[in-house]
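Breakdown of the fold
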Amino acid sequence: MKYQSEIEFVIKMTKYAIAEVDVSTDAIALFKEYKDVNWNIVKRLTTLNKIDGLIFNYIKLLPNDLAKNIPYYDYYKIVYKKAVLDNINRMEFLDKLRVEAHDSPINYCLLKGSVSRHFYPDPTMRHMGDTDILYRNIPDNEAVILFNKLDYEIVENKPKEFIFKSKNLGLIVELQSSLVDSGYRLWYKYLSTIWSRLIKVGQSGEYKMRDEDFFIYHIIHMAKHFINGGIGLRHIVDTYVIYKHFSKNSDFDFSYVHSTLKELHIEKFYLRIMGLIDYWYENDIKKIDNATLNLTRFIITTGAFGNKKQRYANHMFLKKQNILKRVFPGATTMGNYYGIDFEKEKLKLIPYWIKLNVARAKKGKKNIEDIKDSLNISNEKIAYTKKIFTYCGLDDSLL
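Quick caveat: nothing in here was measured; it's all calculated off a predicted structure.

Let's shift gears to helix H1 (residues 4–17). The terminal C-alpha atoms of H1, which comprises 14 residues, lie 20 Å apart, in line with the 20 Å expected from a rise of 1.5 Å per residue. Of the surrounding elements, those touching the buried residues of H1 are helix H2 (24–33), helix H3 (39–48), helix H4 (52–59), helix H11 (232–247), helix H13 (267–282) and helix H14 (290–302).

As structure tokens, this is what we get:
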């Protein structure tokens, strides 16, 4: 595998970075074992996978004479310090939200990294691009007013989602009324009843997921990103940390998790990810089998949220794309984009196809190039994608 030493080194650095006991001796031994790695490649991989802040937690385990000889030491340190500051600011925002929400009818539930960050030895280890919040019980205009009070302004209004940005700090909040697009029919059906299973927290309208639902939602969200281009190393680290955290709870119902993931057609995907984690963090990565090695390469080289070329290849495999489908996407794709169930109202597709292509025309050359690129994926790339997806049990039944 190309850059195998660098990939192994990056994975092992994350293992020691999130260790719950002192692993300084092992960290030093690892650094010496991989002393000849290309740090330009290492840095490219850690940045692509959005784990630069986490890597500094590994670097802190090294004595100064080794740490400061790392070519990108200052870069990793700056990213880490920014993560610490962002962590403080996000906690202040959430405290203010609880106060403002106390006199508001809003119900809300923190999602993803806002929860899982607390499962890490140090919350700053979990990079967060934004704060995701599920909400209900409040009109859209009142939600905007509430966040304006918190010094956040709306920057984008999507179907079933508002995106707010802090006026002073630049932090992003995604306020969403649904956990997944309706086009993912099985997942949407399961998650559409989530409010009936949430647990109330305090008196401010805040709720939280049951542990089992949080874990299931994490796997669903990861599978969605996998389908849409890739998941990157950060999602795998998150899965490992979340799994370890819940494994300490003897009441955690893994049988419910497995049966639900099976019903949602992603149990095999989950088992493949857990098999990969076993090689990465519990056993010897150098003894990894070929299938898991291919999955490792796919995950790390596509980055934290995938890339356009891989997304196009995924869609070519799953949806068998052609020029007609690119210009006039199916009900599922259109539903995911516009937040409308076109399966039930297919006549509505016509005006929305017009709306979509008018928007594309306004973007001009760039959009035409994107369509050309999506139809110019090699057969080799599609065959590689098919191999990975088949191994993970992912197919068009999910769409």
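What follows continues from the structure just given.
Covered by surrounding structure in strand S1 (residues 107–110) are Asn107 and Cys109 together with Tyr108 and Leu110, the residues of both alternating faces. Pairing analysis gives four bridges linking S1 to strand S2 (residues 131–136), with the strands arranged antiparallel. For Tyr108, the partnering residue across the bridge sits in S2 and is Tyr135. In the sheet, S1 pairs with strand S7 (residues 206–208) via two bridges, with the strands oriented parallel. What sits directly across from Tyr108, in S7, is Glu206.

All right, on to the environment of Tyr352 then. Checked against the element boundaries, Tyr352 lands in helix H18 (residues 349–363). For Tyr352, the residues in contact, after removing those within four places along its chain, are Met334, Tyr338, Ile340 and Phe342.

Reading across the sheet, the seven strands line up as S3-S4-S5-S2-S1-S7-S6 and stay open at both edges, with mixed pairing between neighbours. Each edge of the sheet is formed by a strand with only one pairing partner; in this case those strands are strand S3 (152–158) and strand S6 (199–201). For this sheet, the mean angle separating the axes of adjacent strands, direction not counted, is 30°. The pairing of S3 with strand S4 (residues 161–166) spans six bridges and is classified as antiparallel. Bridge pairing in S4 places Glu156 opposite Ile163. Along the sheet, helix H8 (residues 140–149) contacts S2, S3, S4 and strand S5 (172–176); its crossing angle with S4, the most-contacted strand, is approximately 15°.

What follows deals with the pairing of S5. The buried fraction of S5 amounts to four of the five residues, a majority that puts the element mostly inside the structure. Where S2 and S5 come together, four bridges link them in parallel fashion. Bridge pairing links Ile133 to Leu175 in S5. Relative to S5, S4 runs antiparallel, the two sharing five bridges. Across the sheet, Ile163 pairs through a bridge with Glu174, a residue of S5. Following S4, the chain reverses through five residues before pairing antiparallel with S5; Gly170 in that reversal takes a positive phi of roughly 80°.

The method is simple in principle: a probe with the dimensions of a water molecule rolls over the atoms, and the space it marks as empty is what remains. Reported here for the second largest pocket is a volume of approximately 280 Å³. Lining the second largest pocket are 18 residues, and of these Ser114, Val115, Phe119, Lys208 and Met209 sit closest to its centre. When contributions to the lining of the second largest pocket are tallied by element, the ones reaching two or more residues are helix H6 (73–101), S1, helix H7 (113–116), S7, helix H10 (211–227) and H11. When its residues are assigned to classes, the lining of the second largest pocket shows ten nonpolar, three polar and five charged.

Turning our attention to the packing of aromatic side chains. Taken as a whole, this structure holds 33 aromatic pairs when the rule is applied. Taking the centre distance of 6.1 Å and the plane angle of 85° together, the rings of Trp280 and Tyr281 count as edge-to-face. With respect to class, Trp280 is no different from Tyr281; both count as buried. Pairwise contacts between aromatic rings join Phe119, Phe214, Phe215, Tyr243, Phe246, Phe252, Phe254 and Tyr270 into one cluster.

Summing up the model confidence of the protein chain, the mean pLDDT is 91 and the portion of residues at 70 or higher is 95%. No element of the protein chain has a lower mean pLDDT than helix H19 (residues 365–374), at 61, and none a higher one than helix H12 (residues 254–263), at 98.

Turning our attention to H14. Residues separated by three or four positions in an α-helix point in the same direction, a consequence of the helix having 3.6 residues per turn. For H14, spanning 13 residues, the distance from its first C-alpha to its last is 18 Å, which sits close to the expected 18 Å at 1.5 Å a residue. Within the sequence span of H14, burial applies to Thr292, Leu293, Leu295, Thr296, Phe298, Ile299, Ile300 and Thr302. Gly303 lies just past H14 and shows a positive phi near 85°.

Glancing now at the nonpolar core. Core analysis: the largest hydrophobic core is formed by 100 residues, its most contacted members being Phe9, Tyr58, Trp187, Phe226, Ile266, Phe269 and Trp280. In terms of residue count, H10 provides more of this core than any other element does, ten residues in total. Apart from the residues lying within four places of it in its own chain, the contact partners of Trp280 are Ile11, Lys15, Leu233, Ile236, Ile285, Ile288, Thr296 and Ile300. Within the second largest apolar cluster, 21 residues are counted, among which are Ile133, Ala143, Tyr152 and Leu171.

So, about the pattern of salt bridges. Counted according to the given criterion, the structure contains 14 salt bridges. Ionic pairing is found between Lys248 and Glu20, a salt bridge with its closest N-O pair at 2.9 Å. Remark: Glu20 occurs in the loop between H1 and H2 and Lys248 occurs in the loop between H11 and H12; sequence separation between them is 228 residues. Assessed through its relative accessible area of 57%, Lys248 is described here as exposed. The closest approach of N and O atoms between Asp213 and Arg197, which form a salt bridge, is 2.9 Å. You can see Asp213 sitting in helix H10 and its partner Arg197 sitting in the loop between helix H9 (185–191) and S6, a full 16 residues away along the chain. Classification of Asp213 as buried rests on a relative accessible area of 1%. One network of salt bridges, in which partners are shared, links Asp95, Arg98 and Glu206.

Scoring rules and cut-offs
Residues numbered from 1 in each chain as written. Predicted model: local features only at pLDDT ≥ 70, side-chain atom pairs only at ≥ 80, totals over all residues. Heavy atoms only, no water. Helix = DSSP H or I, 4+ residues; strand = E, 2+ residues; numbered from the N terminus. Expected span 1.5 Å × (residues − 1). Contact = heavy atoms within 4.5 Å. Buried < 20%, exposed > 50% of the residue type's maximum accessible area, 1.4 Å probe, protein only. Pairing = 2+ DSSP bridges. Axes fitted to C-alpha atoms, helices over the stretch in contact; angles between N-to-C directions. 1 Å grid on protein atoms, 1.4 Å probe; cavity = no way out; pocket = protein on both sides within 12 Å on 5 of 7 lines; lining within 4 Å. Points joined across faces, edges and corners; volume = space filled by probe spheres on them. Nonpolar A, V, L, I, M, F, W, Y, C, P; charged D, E, K, R; others polar. Phe/Tyr/Trp six-rings, centres within 6.5 Å; stacked < 30°, edge-to-face > 60°. pLDDT = per-residue confidence, 0-100. Core = buried A, V, L, I, M, F, W, Y, C linked by side-chain atoms within 4.5 Å. Salt bridge = Lys/Arg side-chain N within 4 Å of Asp/Glu carboxyl O.

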